Amino acid sequence: SASSAGGATAPTPDAVLSGVAATGAPLGGAFISVLDAKGKTLGSGTTRLADGAYSITLNTKTPTGPLMVQARGVDVAGNPQVLHSAVPTVAAAMVANVTPLSQAVVALALGAEPGPVFNAASTNSAPLANLAQAKAAGEFLKTLIKSQISDVKATAATLDLLGDAAFSADKKP
C-alpha cells in the first residue's frame with residue numbers, strides 16, 4: 001500500500017481476474033470458478049452470452065498463486081465442456097482465457113488431467129504448485145503446434161496461450 005501526503009494509507013486495489021471462455025465460439029453462460037494455490041475458492045462468475053468474456057473480483061486483495069480457473073458450460077453444439085486455465089503469477093489485474101489450448105497447457109504443467117486436480121484441490125492442493133510452470137508448459141505446447149500457429153498467421157514467439165488480454169472468441173466451432 002502506498003502512503004499519501006496526509007499519512008493515510010491508500011487502499012490496496014481489489015484483485016480482478018478476467019478473460020474469455022471459448023472453444024472457438026464463445027462459451028456463453030459458462031460458470032467460472034477460481035482457486036488459489038491452497039485449493040481455496042477465490043470467486044466465481046458467469047461468462048457473457050455474446051462473447052464468453054468474464055470478470056471476477058476475487059474475495060482477497062492478495063491471492064496466493066498460482067491460480068487455477070475452471071469453466072463449466074455448454075458449447076454451441078450443445079456439448080458439455082469443462083476446461084481449465086491458470087494464472088502462473090498473481091497481480092492486481094490478471095487474465096486467464098479458458099480454451100482447449102489452455103486446458104492442454106494446464107495438463108502439461110500439472111502432469112495430470114486438470115479436472116480431478118481441480119475437484120480435489122480443497123483436500124489436496126499440492127499439485128497446484130505445478131501451475132507456476134504453466135508459462136513454460138505453454139512454450140513447449142507452442143513448439144508442438146508451430147505449423148498450425150503459422151497457418152493462422154500468428155507469431156508463436158508472442159502468442160500467450162493463457163493470458164492474452166486481446167483474445168476474443170470470434171471463430172466458429
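Below is a short write-up of the structure. Remember, predicted model here, so these are calculated numbers, not experimental data.

A closer look at the sheet that holds strand β1 (residues 16-20)
Two orientations exist for strands paired in a sheet by backbone hydrogen bonds: parallel and antiparallel. With mixed pairing, three strands are arranged side by side in an open sheet as β4-β1-β7. For this open sheet the edge positions go to β4 (53-57) and β7 (93-95), each flanked by a neighbour on one side alone. If you compare each strand with its neighbour and ignore which way they point, the axes differ by 20 degrees on average. One ladder, built from three bridges, connects β1 with β7; its direction is parallel. By the bridge assignment for β7, Ser18 is matched with Val95.

Overview of the pairing of strand β6 (residues 80-87)
Buried residues dominate β6, accounting for six of its eight residues. In terms of strand pairing, strand β5 (residues 67-74) meets β6 through eight bridges, oriented antiparallel. Among the inter-strand pairings, Ala71 is bridged to a residue of β6, identified as Leu83. Taking the residues that link successive antiparallel strands as the turn, the β5-β6 hairpin has five residues, and the phi of Gly78 there is positive, at about 90 degrees.

Overview of the pattern of salt bridges
Per the stated rule, a full pass over the model turns up two salt bridges. Put simply, Lys61 and Asp14 hold a salt bridge, and the shortest N to O gap is 2.8 Å. In this pair, Lys61 sits in the loop between β4 and β5 while Asp14 sits in the segment before β1, placing the two residues 47 residues apart along the sequence. Accessibility expressed as a relative area gives 41% for Asp14, which makes it partly exposed. The partner of Asp51 in a salt bridge is Arg48, with the nearest N and O atoms 2.7 Å apart. On the basis of relative accessibility, which here comes to 26%, the residue Asp51 falls in the partly exposed class.

What counts, and where the lines are drawn
Residues numbered from 1 in each chain as written. Predicted model: local features only at pLDDT ≥ 70, side-chain atom pairs only at ≥ 80, totals over all residues. Heavy atoms only, no water. Pairing = 2+ DSSP bridges. Helix = DSSP H or I, 4+ residues; strand = E, 2+ residues; numbered from the N terminus. Axes fitted to C-alpha atoms, helices over the stretch in contact; angles between N-to-C directions. Buried < 20%, exposed > 50% of the residue type's maximum accessible area, 1.4 Å probe, protein only. Salt bridge = Lys/Arg side-chain N within 4 Å of Asp/Glu carboxyl O.

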